[in-house]
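Structure assessment
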Amino acid sequence: MSPSRRHFQNQPHNRARGAAAEEEARRYLVRQGYEIVASNAVTKVGEIDVVALDGDTLCFVEVKARASFDFGPAIAAVNPHKQRRLARAAALYLALNPHDGPCRFDVVGLDPAPDGWEITLLRNAFEIG
């Protein structure tokens, strides 16, 4: 097991596990060429795990991690309800931090793998109508 996954597993509660997963996701996003703008951006209507630039596109990134496959893959946890909450938080974030370029919603899923994490990045994971 990788040190980052062991760190995740050894956390005492869900909030700490989430923070460990978000840290791993940020490292992964940087390796993919993203520029991190904000982490845990808090608005009145919710929190955005990661705000990052992919070129000129501002990405609102939801991070999900699973310790096992008992409840399916991590990305499956970003259901329509979670998508709407993230969209509301993103709208408020943009009202306070205008961006002239395109925006999108990405999801990073961290699932257990024998040697650490299997990381899935879904660019433009969903759209809000």
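You'll find the structure just up there.
Okay, so let's go over this structure. Model, not experiment: these values are computed from the prediction. (Residues numbered from 1 in each chain as written. Predicted model: local features only at pLDDT ≥ 70, side-chain atom pairs only at ≥ 80, totals over all residues. Heavy atoms only, no water.)

In terms of nonpolar packing, the biggest core is built from 16 residues, with Ile48, Val51, Phe60, Tyr93 and Phe105 touching the most fellow members. Contributing elements (two or more residues each) for this core: strand E1 (35-43), strand E2 (46-54), strand E3 (57-65), helix H3 (80-96) and strand E4 (103-113). Per-element accounting of this core gives the leading share, five residues, to H3. In this structure Val51 touches Glu35, Ile36, Val37, Ala38, Ala41, Leu58, Cys59, Phe60 and Tyr93, once residues within four positions along its chain are discounted. By size, the runner-up hydrophobic cluster in this structure holds 14 residues, among which are Tyr34, Val63, Trp117 and Leu121. (Core = buried A, V, L, I, M, F, W, Y, C linked by side-chain atoms within 4.5 Å. Buried < 20%, exposed > 50% of the residue type's maximum accessible area, 1.4 Å probe, protein only. Helix = DSSP H or I, 4+ residues; strand = E, 2+ residues; numbered from the N terminus. Contact = heavy atoms within 4.5 Å.)

With that settled, the discussion passes to the packing of aromatic side chains. This model, assessed by the stated rule, comprises three aromatic pairs. Aromatic side chains Phe105 and Phe126 sit 4.7 Å apart centroid to centroid with 15° between the ring planes, which places their arrangement in the stacked category. Residue Phe105 is located in strand E4, and its partner Phe126 is located in strand E5 (residues 116-126); the two are separated by 21 residues in the primary sequence. Relative accessible area serves as the criterion here: at 13%, Phe105 is assigned to the buried category. Classification of Phe126 as buried rests on a relative accessible area of 7%. (Phe/Tyr/Trp six-rings, centres within 6.5 Å; stacked < 30°, edge-to-face > 60°.)

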